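Structural overview for review
Listed below, chain by chain, are the residues.
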Amino acid sequence: MTLILGLESSCDETAAAIVRSDRTILSHALAGQEDHHRAFGGVVPEIAARAHSDLMMPLIETALADAGVRLDDLDAIAATAGPGLIGGVMVGLVTAKALAMASGKPLIAVNHLEGHALSPRLVDPDLDFPYMLLLVSGGHCQLLRVRGVGQYDRLATTIDDAVGEAFDKTAKILGLGFPGGPAVEKAALSGNGAAVPLPRPLKGADEPHFSFAGLKSAVLRAHESGQYRAEDIAASFQAAVVECLSDRLHYSLSRMDERPTALVVAGGVAANMAIRAMLEQVAGQYAMRFCAPPLWLCTDNGAMIAWAGAERFAAGLTDPLDVAARPRWPL
Ligand code: KG4
Ligand code: ZN
């Protein structure tokens, strides 16, 4: 059995967690930075990097203490090495390098998207490769076939905005606050999803990709028209997102010869209940099992990085201490 420390700092969550290869989460410490960024209505990279730098060491100490583990007990140290805001990524990666050097333990440079992609396996021992993964976060919207650790076939991606980005921009337009996704979901609960006519970008298109930029512009126009309540725009926006995701999934799933038996969702937007409900229904239509990690594991956290580290370590994949942080790093 191996013990892995995982560090995450690619956006606005600073996190450290200790996970064992038998899927036990010994500890996970996390600090959000919402208060730092709220006044700006979005994440400010320079402020985020400074906050990561202040928070990272105390969080690591908390994670070690909560787990009752010393640095020497670890088998490897994993950190997000990209993609993300480069200042933040460097804080986590350089910290991991320093700990690896001081302790003589191997370093594992984790792709943040791989952290999301493998996270469902941390809580579901029966989730075997291959599986279909809808990865929906603040920076990404991709449909992948996960064949194994480090083996990803990208079947579809967004041609413009990520879906989380569309949620965040909608929240900003409607003045619902920051972070945007949960705020839009909450407002949508008291709105009418059929009240505002919004487009369904790429619905019915003869290609597998996603698009959300047109939806965001339509939300802006609806808001500026002064005709609609913010709750109704939020609900109509969410309904449009659900319909687009569902249509695009049907496009790809219906055309697959050897369809994997599980449909998995991961990334921050996977916390959205309307999207989860739709995915469960789509999975049922293809007799696929639906897997969604618990909400805390959907948004950025250290446990998913530690777990991806554990999977990579088991596959014999470690990295040299001069491995570079990468702002862009496709899976
Ligand atoms: O995976 P994540 O924590 O960070 C990235 O790697 O991007 O995803 C953050 C994104 C944000 O855009 C946030 O608004 C969105 O996930 N999000 C949600 C919900 N919770 C978080 N979007 C819709 N509904 C939610 N409940
Ligand atoms: Zn993420």
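Residues numbered from 1 in each chain as written. Chains lettered and ligands numbered in written order. Predicted model: local features only at pLDDT ≥ 70, side-chain atom pairs only at ≥ 80, totals over all residues.

Some details on the sheet that holds strand 7 (residues 141-148)
Formally: Two strands qualify as a pair provided DSSP detects at least 2 bridges between them. Numbering of helices and strands runs from the N terminus, with a helix taken as a DSSP run of H or I at least four residues long and a strand as a DSSP run of E at least two residues long. Interaxial angles span 0 to 180 degrees and are taken between N-to-C directions of axes, which are lines fitted to C-alpha atoms, for helices over the stretch in contact. C-beta atoms are placed from the backbone for every residue, and two residues are taken to be in contact when these atoms lie within 7 Å.
The five strands are arranged 8-7-6-9-10 in an open sheet whose pairing can be described as mixed. Either end of the sheet is taken by a strand with one partner, and the two such strands are strand 8 (151-157) and strand 10 (289-291). Strand-to-strand twist across the sheet, computed as the mean angle between neighbouring axes with direction ignored, equals 25 degrees. Note: strand 6 (residues 131-136) against strand 9 (residues 262-266), four bridges, orientation parallel. The partner of Leu-134 across the bridge, within strand 9, is Val-265. Across the sheet, helix 8 (residues 230-254) lies against strand 6, strand 7 and strand 8, angled at about 125 degrees from strand 8, the strand it touches most.

As for the site of ligand 1
To keep it simple, the criterion reads: Using the backbone to place each C-beta atom, any residue with that atom within 6 Å of a molecule or strand is considered near it. Residues are grouped as follows: Ala, Val, Leu, Ile, Met, Phe, Trp, Tyr, Cys and Pro are nonpolar; Asp, Glu, Lys and Arg are charged; all remaining types, including Gly, are polar.
The environment of ligand 1 is formed by 19 residues, the closest being Gly-138, Gly-164, Gly-181, Gly-268 and Asn-272. Of all the secondary-structure elements, those providing two or more residues to the shell around ligand 1 are helix 5 (163-174) and helix 6 (180-189). The dominant element in the shell around ligand 1, judged by the number of residues it contributes, is helix 6, at four residues. When its residues are assigned to classes, the shell around ligand 1 shows six nonpolar, 10 polar and three charged.

Points about the UniProt feature "binding site: Fe cation" (unreviewed entry) in the protein
Our working definition: UniProt positions are given in the numbering used here, feature names are shortened, and annotations may be inferred rather than shown by experiment.
Per the UniProt record, "binding site: Fe cation" (unreviewed entry) is annotated on His-112, His-116 and Asp-300. These annotated residues cover 189 residues of sequence, and their C-alpha atoms all fall within 8.9 Å of one another, placing them together at a single site. Tracing the backbone through its elements, the reader meets His-116 in helix 4 (residues 112-123). For His-116, the residues in contact, after removing those within four places along its chain, are Leu-135, Ser-137, Ala-266, Gly-267 and Met-304. Within the secondary structure layout, Asp-300 lies in the loop between helix 10 (295-298) and helix 11 (302-314). Aside from chain neighbours lying at most four places away, what touches Asp-300 is Glu-8, Cys-11, Glu-13, Ala-15 and Gly-268.

A short note on the UniProt feature "binding site: substrate" (unreviewed entry) in the protein
The cut-off we apply is this: Each residue is classified by how many other C-beta atoms fall within 10 Å of its C-beta atom, where C-beta atoms are placed from the backbone; a count of 20 or more means buried, 12 or fewer means exposed, and values in between mean partly exposed.
UniProt marks Leu-135, Val-136, Ser-137, Gly-138, Gly-139, Asp-168, Gly-181, Glu-185 and Asn-272 with the feature "binding site: substrate" (unreviewed entry), using the numbering shown here. Checked against the element boundaries, Gly-139 lands in the loop between strand 6 and strand 7. Assessed through the 21 C-beta atoms surrounding it within 10 Å, Gly-139 is described here as buried. Mapped onto the elements of the fold, Gly-181 is located in helix 6. Residue classification places Gly-181 among the buried residues on the basis of 26 C-beta atoms within 10 Å. Non-local contacts of Gly-181, meaning those with residues more than four positions away in its chain, are made with Gly-164, Phe-167, Asp-168, Gly-268, Val-269 and Asn-272.

Here we look at the sheet that holds strand 1 (residues 3-8)
In spatial order, the strands read 3-2-1-4-5; together these five strands make up an open sheet with mixed pairing. Each edge of the sheet is formed by a strand with only one pairing partner; in this case those strands are strand 3 (25-32) and strand 5 (107-111). Going across the sheet, the axis of each strand differs from the next one's by a mean of 20 degrees, ignoring polarity. Both strand 1 and strand 2 (residues 13-20) contribute to a ladder of six bridges, which runs antiparallel. Bridged to Leu-7 within strand 2 is Ala-16. The sheet strands contacting helix 11 are strand 1, strand 2, strand 3, strand 4 (76-82) and strand 5, and the helix crosses strand 1 at an angle near 130 degrees.

Examining the nonpolar core
Note the following rule: Note on terminology: a nonpolar core is a set of buried residues of type Ala, Val, Leu, Ile, Met, Phe, Trp, Tyr or Cys, with members joined through C-beta atoms within 7 Å. Domain start and end points were adopted from an automatic or database domain assignment.
Ranked by internal contacts, the top residues of the largest apolar core, which has 109 residues, are Ala-78 and Ala-306. At 10 residues, the largest contribution of residues to this core is made by helix 8. For this core, the domains that each give at least three residues are domain 1 (3-117 + 300-314) and domain 2 (128-296). Residues in contact with Ala-78, not counting those within four places in the same chain, are Ile-4, Leu-5, Gly-6, Ala-96, Ile-108, Val-110, Ile-305, Ala-306, Ala-308 and Gly-309.

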